[in-house]
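# Breakdown of the fold
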Amino acid sequence: MYSNPLLKVAKKAVINPVSSILKRTIYRSTIRKCYDGGQERTTATILNKEEDLGLMIDGYSEVGFRLNNNVTVLGSMLIFPRSVLSWTVDDIKDVSDESLALLTIIEPKIDIIVIGTGDKMDNVSYSHHIFHFLRKCNLSVEILPTAQACPTFNFLNSEGRFVVGAMIPPKTILASDDDILRMKLRYQNLYELND
Amino acid sequence: MGKVLSRVKRPFQNFNLESRVHKIISQEKPVPAPKYESVQLEIERLMKDNPEEFQEMVKKNEILDKHLKNVYVTSKSEILKPSGSTNVVKPLPLNRSSYEDPVFGIVEPENVPKGRVTLPNALQFITNHHANAAKCSVGHICEKYVLPEETVRNILKYCRTFEVYVPQNKNTKAKYAGPSIRRIKVVTRKFKEINSGEPKTEK
């Protein structure tokens, strides 16, 4: 009916009030309230990249851990605020009074022990003995799957607590596409064909 | 009405005001205001009754003037010393060096109770034992750090220091350093996928 665009505008002008036509034709831009020209920017700091906060775990795999000082650790480990020891424990069922002996005699007393159990386990009967033993030694403990234990250790360490992580590498890893891409970026050149 | 009158009067009042004021200000000694007539009469009566005392009052008294010249105002104040520095029992700190982070992340205790060991010492004896078991034996460790033998054996059984391997050619990207045949495989979750196009027909 109104094939001419001018006619369309004319029809609108008749039907709509003037203000609504102005709104449609004039491009408006408002200053966003959340950003005030760089005065107070929101910043994020990555704990693992702060060198003076101590040793932290950057990643884990089924064979070991990568720390934030560019060291890859193979196997289970006992990680202290600024030092790391190998721990000859393969499975959470091997964690006993004997394998935790070092932690019970360290002076000053350890604030908290974070035990990474490896995989998430439905049967938590193994934890009763660990809890009982460490309570007898007046030590507090946190038992978590390694995936959760690593960030817990990092955070507690960044707070400056005397935290010890007893980490066992997990046996199965649910890797996302992002994880696989990051791994490839680290170990090979993405744009080179693999032989 | 009064306002109108004062408006008329004011210019005449203020006529040549500035120069008249300057004339009075520029005088060397101000002329005293005249006294009341009654006061003036009384002063004259006193002068007539006792002229000597009156003359003496007007004259300058040399002795009193001399006394006045000898009067001086001086002030003495003691400088207070800070009371804290003299306290021998609790002296103020003299070391002003900045605080340094301890090497192992924790402040080492001065006194270690029997049966316990500091982290650096523990790391030391673990390293030494695995480097040379004969030289740094279990008995030797027990004796040196006053630890129960059973605990030391367990520590040495379960805790070891790492052997460090540095790749020879550092220019290459990091190589996978795990076992060549993986004992565990990475599991990827299978999610349900949305079919593209027609729904499946049951057969």
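Residues numbered from 1 in each chain as written. Chains lettered and ligands numbered in written order. Predicted model: local features only at pLDDT ≥ 70, side-chain atom pairs only at ≥ 80, totals over all residues. Heavy atoms only, no water.

Named according to an unreviewed UniProt entry, chain B is Protein NDUFAF4 homolog originating from Henosepilachna vigintioctopunctata.

If you check an unreviewed UniProt entry, chain A appears there as NADH dehydrogenase [ubiquinone] 1 alpha subcomplex assembly factor 3 from Henosepilachna vigintioctopunctata. The record held by UniProt for chain A lists under Subcellular location (unreviewed entry) the comment "Mitochondrion". (UniProt positions renumbered as here; feature names shortened; annotations may be inferred.)

### A look at the overall build of chain B
Summing up its helical and strand segments, chain B has eight helices and two strands in all. Going from N to C terminus, chain B has its helices and strands arranged as α-α-α-α-α-β-α-α-α-β. Across the 203 residues of chain B, 12% fall into the buried class. Considering only intrachain contacts with a sequence separation of at least 6, the fraction spanning at least 24 residues in chain B is 40%. If you sum the accessible surface of chain B, you get close to 20,200 Å²; carbon and sulfur atoms cover 56% of it. (Helix = DSSP H or I, 4+ residues; strand = E, 2+ residues; numbered from the N terminus. Buried < 20%, exposed > 50% of the residue type's maximum accessible area, 1.4 Å probe, protein only. Contact = heavy atoms within 4.5 Å. Areas by Shrake-Rupley, 256 points an atom, 1.4 Å probe, with all protein chains shown as cover.)

### Considering the interface of chain B and chain A
Counting residues at the interface gives 41 residues for chain B and 38 residues for chain A. With both sides pooled, the region where chain B packs onto chain A buries about 3,500 Å², and carbon together with sulfur makes up 66% of that total. R116(B) is the partner of E107(A) in a salt bridge, and the nearest nitrogen-oxygen pair spans 2.6 Å. Counting residues per element, the side of chain B that touches chain A draws most heavily on helix α8 (residues 149–158) of chain B, which supplies five residues. Residues belonging to the side of chain B that touches chain A are distributed by class as follows: 25 nonpolar, seven polar and nine charged. (Buried area = accessible area lost by both parts, 1.4 Å probe. Salt bridge = Lys/Arg side-chain N within 4 Å of Asp/Glu carboxyl O. Nonpolar A, V, L, I, M, F, W, Y, C, P; charged D, E, K, R; others polar.)

### Section: the packing of aromatic side chains
All names here are of chain B. In total, this model carries one aromatic pair over all chains according to the counting rule given. Ring geometry for F125 against Y145: centres 5.5 Å apart, planes inclined by 40°, an arrangement best described as tilted. In this pair, F125 sits in helix α6 (residues 119–131) while Y145 sits in helix α7 (residues 138–145), placing the two residues 20 residues apart along the sequence. Both residues of the pair, F125 and Y145, belong to the buried class. (Phe/Tyr/Trp six-rings, centres within 6.5 Å; stacked < 30°, edge-to-face > 60°.)

### Regarding the nonpolar core
Most often, soluble globular proteins keep nonpolar side chains buried together rather than apart. Core analysis: the largest hydrophobic core is formed by 45 residues, its most contacted members being L78(A), F80(A), W87(A), L102(A), I130(A) and F125(B). It is α6(B) that contributes the most residues to this core, five residues altogether. With 16 residues, the next largest nonpolar core counts I112(A), V114(A), L144(A) and L156(A) among its residues. (Core = buried A, V, L, I, M, F, W, Y, C linked by side-chain atoms within 4.5 Å.)

### A word on a nonpolar patch on the surface
Together, V4(B), V8(B) and F12(B) make up an exposed nonpolar region whose accessible area comes to about 340 Å². Relative to the helices and strands, V8(B) is located in helix α1 (residues 2–13). (Patch = residues over 30% accessible without salt bridge, like charges linked within 9 Å, V, L, I, M, F, W, Y side chains within 5 Å.)

### Considering the packing of α6(B) against α7(B)
Packed helix pairs are characterised by how far apart their axes lie and by the angle those axes make with each other. Residues and elements named next belong to chain B. Packing of α6 against α7 leaves a shortest axis separation of 11 Å and a crossing angle of 160°. By the angle between their directions, the pair α6 and α7 is classed as roughly antiparallel. Here α6 and α7 pass one another in a crossing that is right-handed. Residues N121, F125 and H129 of α6 pack against V138, I141 and Y145 of α7. Here the residues of the contact of α6 with α7 are counted per class, giving four nonpolar, two polar and no charged. (Axes fitted to C-alpha atoms, helices over the stretch in contact; angles between N-to-C directions. Parallel < 35°, antiparallel > 145°, perpendicular 65-115°, else oblique. Left-handed = near helix turned anticlockwise from the far one by under 90°.)

### Here's the deal with the pairing of strand β1 (residues 57–60) of chain A
Residue and element names in this part refer to chain A. Note that β1 and strand β2 (residues 64–67) share three bridges and pair antiparallel. Bridge pairing links Y60 to F65 in β2. What sits between the antiparallel neighbours β1 and β2 is a turn of three residues. (Pairing = 2+ DSSP bridges.)

### What to know about the pattern of salt bridges
Per the counting criterion, the structure on display carries eight salt bridges over all chains. Between K171(A) and D91(A) there is a salt bridge, and its shortest N-O distance comes to 3.0 Å. Within this pair, whereas K171(A) is found in the loop between β9 (163–167) and α6 (177–187), its partner D91(A) is found in the loop between β5 (84–87) and α3 (101–105), the two being separated by 80 residues in sequence. Taking the relative accessible area as the measure of exposure, K171(A) reaches 36% and is therefore partly exposed. The salt bridge involving R153(B) is made with E149(B); its shortest N-O contact spans 2.6 Å. Taken together, the residues span about one helical turn, with R153(B) and E149(B) both in helix α8 at a distance of four residues. Among the residues examined, R153(B) registers a relative accessible area of 44% and is labelled partly exposed. Taking relative accessible area as the criterion, E149(B) reaches 42% and is therefore assigned partly exposed. In this structure, a network of salt bridges that share partners links the residues E42(B), R45(B) and D49(B).

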